[in-house]
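Examining the three-dimensional arrangement
Each chain is listed here by its residues.
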Amino acid sequence: MADIWWKSHPHDLHRLADRVSSLYIERSHLDRDENAVVIINKRETVRVPAAMVAVVLLGPGTRVTHGAINLLADSGTTVCWVGEQGVRMYAAGLGPSRGAGLLNRQAWLVSRTKERLAVARAMYRMRFPGEDVDTATMQQLRGREGARIRKLYQAEARRTDVPWNGRVYQPGDAHAAGDDLNRLLSAANAALYGICHAVITGLGASPGLGFVHTGLATSFVLDIADLYKADHTIPLAFDLAKQGLTEERDARLALRDRVAENRLLGRIVTDVKSLLTPEGTEIPDTEANELWDERLGAVPGGANWAHTTALIDPGMGDEHLAVIGPEFEQAPAQRPST
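As the structure is a prediction and not an experimental result, all values here were calculated from the model.

1. Side note on the overall build of the protein
Assigned secondary structure in the protein consists of nine helices and 13 strands. Taking all 338 residues of the protein together, the buried fraction comes to 47%. For the protein, the proportion of contacts with a sequence separation of at least 24, taken over those separated by at least 6, is 65%.

2. A short note on the packing of aromatic side chains
Taken as a whole, this structure holds four aromatic pairs when the rule is applied. Ring geometry for Tyr124 against Phe128: centres 6.0 Å apart, planes inclined by 15°, an arrangement best described as stacked. Looking at Tyr124, the relative accessible area reads 2%, which means it is buried. In textbook terms, an aromatic cluster arises when at least three aromatic residues are bridged by ring pairs, as seen for Tyr153, Trp164 and Phe238. Arg127 extends its terminal NZ or CZ atom over the ring of Tyr124, reaching a point 4.5 Å from the ring centre. The cationic tip of Arg144 hangs over the ring face of Phe128; the distance from NZ or CZ to the ring centre is 5.7 Å.

3. Quick word on the nonpolar core
In terms of nonpolar packing, the biggest core is built from 50 residues, with Ile224 and Ile268 touching the most fellow members. If you list the elements that add at least two residues to this core, you get helix H2 (101–110), helix H3 (113–127), helix H4 (138–160), helix H5 (180–203), helix H6 (219–225), helix H7 (233–243), helix H8 (248–262) and helix H9 (264–276). Element by element, the count of residues in this core is highest for H5, at 12 residues. Once residues within four sequence positions are removed from consideration, Ile224 is found in contact with Met123, Cys196, Ile200, Ile268, Val272 and Leu275. Counting residues in hydrophobic clusters, the runner-up holds 16 residues, among them Leu23, Ile25, Val37 and Ala50.

4. Focus on the pattern of salt bridges
Enumeration over the complete set of coordinates arrives at 13 salt bridges. The partner of Arg47 in a salt bridge is Asp33, and the shortest N-O contact between them spans 2.4 Å. Note that Arg47 is positioned in strand S4 (residues 45–49) and Asp33 in strand S2 (residues 29–33), a separation of 14 residues in sequence. We classify Asp33 as partly exposed; its relative accessible area is 34%. Taking the shortest distance from any N to any O, the salt bridge between Arg256 and Asp257 comes out at 3.1 Å. By relative accessible area, Asp257 is classed as buried at 18%.

5. Observations regarding the pairing of S2
Sheet analysis places S2 next to strand S3 (residues 36–40), joined by five bridges and oriented antiparallel. Among the inter-strand pairings, Asp33 is bridged to a residue of S3, identified as Ala36. Remark: two residues form the turn of the hairpin made by S2 and S3, two consecutive strands paired antiparallel; Glu34 in that turn has positive phi of roughly 55°.

6. Comments concerning the packing of H5 against H8
With their axes 8 Å apart at the nearest point, H5 and H8 run at an angle of 45° to one another. Between H5 and H8, the interaxial angle falls into the category oblique. Along this stretch, H5 crosses H8, giving a crossing that reads as right-handed. In this structure, H5 contributes Leu184, Ala187, Ala188, Ala191, Leu192 and Ile195 to the contact, and H8 contributes Glu248, Ala251, Leu255 and Val259. Among the residues forming the contact of H5 with H8, the class breakdown is nine nonpolar, no polar and one charged.

7. Re the packing of H5 against H9
It is at 10 Å that the axes of H5 and H9 come closest, and there the two elements cross at 55°. Relative to H9, the element H5 is oriented oblique. As H5 packs across H9, the resulting crossing turns out to be right-handed. Across the interface between the two elements, Leu192, Ile195, Cys196, Val199, Ile200 and Leu203 of H5 pack against Leu264, Leu265, Ile268, Val269, Val272 and Lys273 of H9.

8. Regarding H8
Given a rise of 1.5 Å per residue, 15 residues ought to cover 21 Å, and the 21 Å separating the end C-alpha atoms of H8 matches this to within 8%. Every buried residue of H8 is listed here: Ala251, Arg252, Leu253, Ala254, Leu255, Arg256, Asp257, Arg258, Val259 and Ala260. As for H8, its buried residues are in contact with H5, H7 and H9. Arg263 sits one or two positions beyond H8 and adopts a positive phi of about 50°.

9. Points about the sheet that holds S3
Pairing is mixed in the open sheet, where four strands are placed in the order S4-S3-S2-S6. Pairing within the sheet leaves two strands with one partner each, and these edge strands are S4 and strand S6 (63–64). For S3 and S4, the ladder comprises five bridges, and the chain directions are antiparallel. Residue Val37 lies in a different strand from S4, and its bridge partner there is Val48. Most of the contacts of helix H1 (residues 66–74) go to S2, to which it runs at about 65°, and overall it touches S2, S3 and S6.

Reading guide: rules and limits
- All residue numbers refer to position in the chain's written sequence, counted from 1.
- Given that the model is predicted, a residue must reach a pLDDT of at least 70 before its local features are reported, and side-chain atom pairs must reach 80 or more before they are shown or counted; all residues, however, enter totals for whole chains, interfaces and linings.
- Neither water nor hydrogens contribute to the side-chain values; these are computed over all heavy atoms in the structure.
- By the criteria applied, helices consist of DSSP H or I runs no shorter than four residues and strands consist of E runs no shorter than two, each listed in order from the N terminus.
- Throughout, exposure labels follow a simple rule: accessible area from a 1.4 Å probe, protein chains only, divided by the maximum for the residue type, with under 20% read as buried, over 50% as exposed, and the rest as partly exposed.
- Note on contacts: a residue pair qualifies if any of its non-hydrogen atoms lie within 4.5 Å across the two residues.
- Side-chain rings of Phe, Tyr and Trp, where Trp is taken by its six-membered ring, are said to pair if the distance between their centres is within 6.5 Å; with planes under 30 degrees apart they count as stacked, over 60 as edge-to-face, and otherwise as tilted.
- The criterion is that NZ of a Lys, or CZ of an Arg, lies within 6 Å of the ring centre and within 35 degrees of the ring normal, and then a charge sits over that ring.
- The term nonpolar core refers to a set of buried residues drawn from Ala, Val, Leu, Ile, Met, Phe, Trp, Tyr and Cys, joined through side-chain atoms within 4.5 Å.
- Here a salt bridge means any side-chain nitrogen of Lys or Arg lying within 4 Å of a carboxyl oxygen belonging to Asp or Glu.
- Any two strands with at least two DSSP-identified bridges between them are counted as paired.
- All axes here are fitted lines through C-alpha atoms, helices being fitted over the stretch that makes contact, and every angle between N-to-C directions spans 0 to 180 degrees.
- These descriptions rest on fixed angle ranges, namely under 35 degrees for roughly parallel, over 145 for roughly antiparallel, 65 to 115 for roughly perpendicular, and the rest for oblique.
- The sense of a crossing depends on the near helix, which, turned anticlockwise from the far helix by less than a right angle, makes the crossing left-handed and, turned clockwise, makes it right-handed.
- All residues other than Ala, Val, Leu, Ile, Met, Phe, Trp, Tyr, Cys, Pro, Asp, Glu, Lys and Arg, Gly among them, are scored as polar; the first ten of these are nonpolar and the last four charged.
- Given a helix with a known number of residues, its expected span is that number minus one, times 1.5 Å.

This is the structure:
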């Protein structure tokens, strides 16, 4: 199995000046000790200052106490329950002590036709390097994307000698429709959605405010995932089909390894930030608890206006850490009673 994308060792946390992007935990117990979360497994015990982590990803075999969740929430840290190495996204929790700068920016962009179209064009520009999309309408962009994907499927079929008869899928069930290749595509895409969902949530953006997709609670997740299918899930599905690996688990584990090898998580973080906050856009590092005012824009919050509550903007840099416990031991077989 390929090395996971988090390369720094958790014991090196004291060297980091800024908040760590993410901390992935697997096969461990998560507890609280004063202002640090403590990660315990049979191999080691690691203390992590809660305020240094933007998002905690809880993988399989993880147990967490109420005290740890309370501390992470107060620190403005997102907690996500994910599949192995971040593939699949099951649930997420956001504490109240958190800035909303990126979310407000996303809502502002998606609610204005001109700005929304500009972000959508930027997404398509990432898929069509070297092509001019500055004046293209959404109808033209959709048509160009459809033609690109059709050619890509045909090229992958020629490369792998795997027959391709068109895309068939059933939303919500990756293995319910189509031939083996179609089911592999659906399974790999579902895993990719989980990774994108975890990143978007960890950054503090909304999974539901999409620019190309709309109407779903995961519309923005679909937008972001579409940026990577041509380089990751589509070639992967054809490769697996050629090898005769056609189970959903085959696609999930293979994508997990490819994500690690290509360091896709960091790229997703960078791409989401660049789309919502292009160069020259400023979002305050520290958000204030404010009240909306129709004339002044905003005034400090608080019942008596005497105190304002500084909320924590978790940010999200380029450091990703992991604490993974040892494999669980198999329980000894019971001797038959006589």
